[in-house]
Amino acid sequence: QVQLVESGGGLVQAGGSLRLSCAASGRAFSTSTMGWFRQAPGKEREFVATIPWGGGRTAYADSVKGRFTISRDNLKNTVYLQMNSLKPEDTAVYYCAAVPWGGNMRTRPSDYSYWGQGTQVTVSS
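Residues numbered from 1 in each chain as written. Predicted model: local features only at pLDDT ≥ 70, side-chain atom pairs only at ≥ 80, totals over all residues. Heavy atoms only, no water.

Looking at the packing of aromatic side chains
And step 1. Evaluation of the coordinates by the stated rule reveals 6 aromatic pairs.
And step 2. Where Phe37 meets Tyr112, the ring centres are 5.3 Å apart and the plane angle is 80 degrees; that geometry is what we call edge-to-face. With Phe37 in strand E4 (residues 32–39) and Tyr112 in the loop between strand E9 (92–100) and strand E10 (114–115), this residue pair connects regions lying 75 residues apart in the sequence.
And step 3. Between Phe37 and Trp115, the aromatic rings sit 5.1 Å apart at their centres with planes inclined by 55 degrees, giving tilted as the arrangement. Of this pair, Phe37 sits in strand E4 while Trp115 sits in strand E10, placing them 78 residues apart in sequence.
And step 4. By relative accessible area, Trp115 is classed as partly exposed at 27%.
And step 5. Taken together, the ring pairs in this structure connect Phe37, Phe47, Tyr95, Tyr112 and Trp115 into an aromatic cluster.
And step 6. Lying across the ring of Tyr95, Arg45 places its NZ or CZ 3.8 Å from the centre.
And step 7. Sitting above the plane of the Trp115 ring, Arg45 keeps its charged end 4.8 Å from the centroid. (Phe/Tyr/Trp six-rings, centres within 6.5 Å; stacked < 30°, edge-to-face > 60°. Helix = DSSP H or I, 4+ residues; strand = E, 2+ residues; numbered from the N terminus. Buried < 20%, exposed > 50% of the residue type's maximum accessible area, 1.4 Å probe, protein only. Lys NZ or Arg CZ within 6 Å of the ring centre and 35° of its normal.)

Side note on the layout of surface pockets
And step 1. Volume-wise, the largest pocket comes out at about 150 Å³.
And step 2. Lining the largest pocket we find 13 residues, and of these Arg38, Lys43, Glu46, Glu89 and Asp90 sit closest to its centre.
And step 3. Class assignment for the residues of the lining of the largest pocket results in 2 nonpolar, 3 polar and 8 charged. (1 Å grid on protein atoms, 1.4 Å probe; cavity = no way out; pocket = protein on both sides within 12 Å on 5 of 7 lines; lining within 4 Å. Points joined across faces, edges and corners; volume = space filled by probe spheres on them. Nonpolar A, V, L, I, M, F, W, Y, C, P; charged D, E, K, R; others polar.)

Details of the nonpolar core
And step 1. The biggest cluster of nonpolar side chains holds 35 residues, and the ones touching the most others in it are Met34, Trp36, Leu81, Met83 and Tyr94.
And step 2. For this core, the elements supplying multiple residues, two or more each, are strand E3 (18–25), E4, strand E5 (46–51), strand E6 (59–60), strand E7 (68–73), strand E8 (78–83), E9 and strand E11 (119–124).
And step 3. The element best represented in this core is E9, accounting for 6 residues. (Core = buried A, V, L, I, M, F, W, Y, C linked by side-chain atoms within 4.5 Å.)

Topic: the pattern of salt bridges
For side chains of opposite charge, pairing can occur when their charged atoms come near one another.
And step 1. Scanning all chains against the criterion turns up 6 salt bridges.
And step 2. With a shortest N-O distance of 2.9 Å, Arg38 and Asp90 are connected by a salt bridge. Of this pair, Arg38 sits in strand E4 while Asp90 sits in the loop between E8 and E9, and the two are 52 residues apart along the sequence. In this pair, the class of Arg38 matches that of Asp90, namely buried.
And step 3. Across the pair Arg67 and Asp90 runs a salt bridge whose closest N-O atoms are separated by 2.8 Å. A residue pair is termed long-range when its members are at least 10 positions apart, and Arg67 in the loop between E6 and E7 and Asp90 in the loop between E8 and E9 qualify at 23 residues. We note that Arg67, like Asp90, is buried.
And step 4. One network of salt bridges, with partners in common, ties together Arg38, Glu46, Arg67 and Asp90. (Salt bridge = Lys/Arg side-chain N within 4 Å of Asp/Glu carboxyl O.)

Rendered as structure tokens:
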């Protein structure tokens, strides 16, 4: 069992930066693949980034590649999403997700077993 709580969302101007955090409880975190997804109003939830339990092979959506960085600290049971050069189209609710022993390249919402409640990110133009 993994419980996830996101934080760090807010309002930022285009070109700015935010760092989202996802704090996890439960012993399964250190062996879980973690992912970030986002959902804008009227749109489906979409993949943003993923990182396996060892922190090695990360993957990103093309729309955020080169601007966002996912990382994790297994000692702190936390996964991060550093978002730079933000654009208005990045506006969405951002969700953290986990799947124990998930391996690499988990990019579909259905791949994940546990979800946080989400944090709002709004980018103004």
